[in-house]
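One letter stands for each residue in the lines below.
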Amino acid sequence: MYSSQASALPHRVIGLISGTSVDGIDAALVEITGTELDLKVELLAGKTYPYPADLRERILAVCAGEAISMLELADMDDAIALAFAQAAQNIQIGYQPANLIGSHGQTVYHRPPKEAGVGKTTLGYTLQLGRGEMIAYLTGITTVSNFRVADIAVGGHGAPLVPRVDAFLLSHPHESRCIQNLGGIGNLAYIPARTDDWLSQIRGWDTGPSNSLLDLAVERLTSGTKTYDEDGQWAASGTPCYPLVKKWLTHEYFHLSPPKSTGRELFGVAYLNQCFQDAEPYQLSPADMLATLTELTVASIVHSYRTFLPQMPQRVFLCGGGSRNLYLKQRLQLALETVPVLTTDEAGVSADFKEAIAFAVLAYWRQLGIPGNLPTATGAPHEVLLGEVHQG
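My aim in this report is to walk through the structure given alongside it, one point at a time. (Residues numbered from 1 in each chain as written. Predicted model: local features only at pLDDT ≥ 70, side-chain atom pairs only at ≥ 80, totals over all residues. Heavy atoms only, no water.)

One pass over the structure, following the stated rule, counts nine aromatic pairs. When the centroid spacing of 6.1 Å and the interplanar angle of 55 degrees are considered together, the rings of Tyr 109 and Tyr 125 count as tilted. Pair noted here: Tyr 109 is in strand E4 (residues 100–111) and Tyr 125 is in strand E7 (residues 125–129), with a separation of 16 residues, a long-range link. Here Tyr 125 falls in the partly exposed class, since its relative accessible area comes to 42%. (Phe/Tyr/Trp six-rings, centres within 6.5 Å; stacked < 30°, edge-to-face > 60°. Helix = DSSP H or I, 4+ residues; strand = E, 2+ residues; numbered from the N terminus. Buried < 20%, exposed > 50% of the residue type's maximum accessible area, 1.4 Å probe, protein only.)

Our focus in this paragraph is the packing of helix H3 (residues 70–91) against helix H4 (residues 132–139). Helix-helix packing: each pair is described by the crossing angle between the helix axes and the interaxial distance. It is the contact of H3 with H4, at a shortest axis distance of 9 Å, that shows an interaxial angle of 45 degrees. As far as their axial angle goes, H4 and H3 are oblique. Two packed elements cross with a definite hand, and for H3 against H4 that hand is right-handed. Contacts between H3 and H4 involve Asp 78, Ala 81, Leu 82, Phe 84, Ala 85, Ala 88 and Gln 89 on the former and, on the latter, Met 134, Ile 135, Leu 138 and Thr 139. Classifying every residue of the contact of H3 with H4 gives eight nonpolar, two polar and one charged. (Axes fitted to C-alpha atoms, helices over the stretch in contact; angles between N-to-C directions. Parallel < 35°, antiparallel > 145°, perpendicular 65-115°, else oblique. Left-handed = near helix turned anticlockwise from the far one by under 90°. Contact = heavy atoms within 4.5 Å. Nonpolar A, V, L, I, M, F, W, Y, C, P; charged D, E, K, R; others polar.)

Take the sheet that holds strand E11 (residues 203–209) next. Strand order in the open sheet formed by five strands is E11-E10-E9-E12-E13, and the pairing between neighbours is mixed. Lying at the two open borders of the sheet, with one neighbouring strand each, are E11 and strand E13 (341–343). In this sheet, neighbouring strand axes are inclined to one another by 25 degrees on average, regardless of whether the strands run parallel or antiparallel. Where strand E9 (residues 177–182) lies against strand E12 (residues 315–319), five bridges are found, and the strand directions are parallel. In the sheet register, Arg 177 faces E12, and the bridge partner there is Arg 315. Strand contacts of helix H6 (residues 163–170): E9, strand E10 (185–191) and E11, with the helix running at about 50 degrees to E10, the strand carrying the most contacts. (Pairing = 2+ DSSP bridges.)

Here we come to a nonpolar patch on the surface. Taken together, Leu 82, Tyr 137 and Leu 138 make up a surface patch of nonpolar side chains, about 330 Å² in accessible area. Looking at the secondary structure, you find Leu 82 in helix H3. By relative accessible area, Leu 82 is classed as partly exposed at 39%. (Patch = residues over 30% accessible without salt bridge, like charges linked within 9 Å, V, L, I, M, F, W, Y side chains within 5 Å. Areas by Shrake-Rupley, 256 points an atom, 1.4 Å probe, with all protein chains shown as cover. Salt bridge = Lys/Arg side-chain N within 4 Å of Asp/Glu carboxyl O.)

Rendered as structure tokens:
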């Protein structure tokens, strides 16, 4: 178990993650002290390192279901690990070296657990490429990776994994909050005010598509010349088609009770193709289509809050790439009416690098012997240590 004396000393840790948007590798160099309630994290440096174009294309193809050989899979695993190792080395330039890396890797497949008869469940399956042993070998730094499998092994979803970190970095003594990540897939952590039994009341799940459909649509509408809609400006010039949003919201995922998780397997290229097919009778302009897809993200989040939360939060804090989409933020604020919509920057945690920071903390907790999952978010029956340790 952990030593309070060891946790009182600053630990310099690197957190690495590439999310479902496959934008690139988010790297955060942080100093961590404390353990849980006294946890303190200082962001020393944060940067996103884009993938080489050919590697990004290969990742997206695999995420879309393209078949590859085992040799190609191994080569991709190594190429991603090399890119992660280079990000870890570059983020340290000008700073004292880190003594630990927490690497989430790149998710290329995720299958939630499912019912397999009375009292039985088929375990979920998840695959993150960018093997930790190679990162440790290339950097010489002890690396914790493969965080999701321990939670899945006991029957959980392996996602979302950051609510426990959010709880100790972003909770408030008198205010209930939702921390809403807007990555390729949206996910939330509902954190009640810190009262007697607050930890057991935290909830978390994937809300549905966020940037994944928007980015794919932009690439499709521009024949690949653009990969995203900066600040949501293009979508802001359009008009949402509400009958389409209403139709898309009938998808069974939005009505599943938490805990639940999803990915590009459900909300990827095939789903987007269906969205475009559904939109044909409405003769939408490209801007209208992007506005309508944005409205789906907003509507799925608000539906999730109103249907599954014990109560509406007093504030919502956004993070992830979608938190910079001003149109999306404005639409969400309008839909949530009197609930203020802010970013985690305004609560003292970088909105751009919060996920990378979270995996630095999870690696730190792994070294101290502190469980990283939150059963009320992942659906696991109990807490477990997360991550496999590879010595540098």
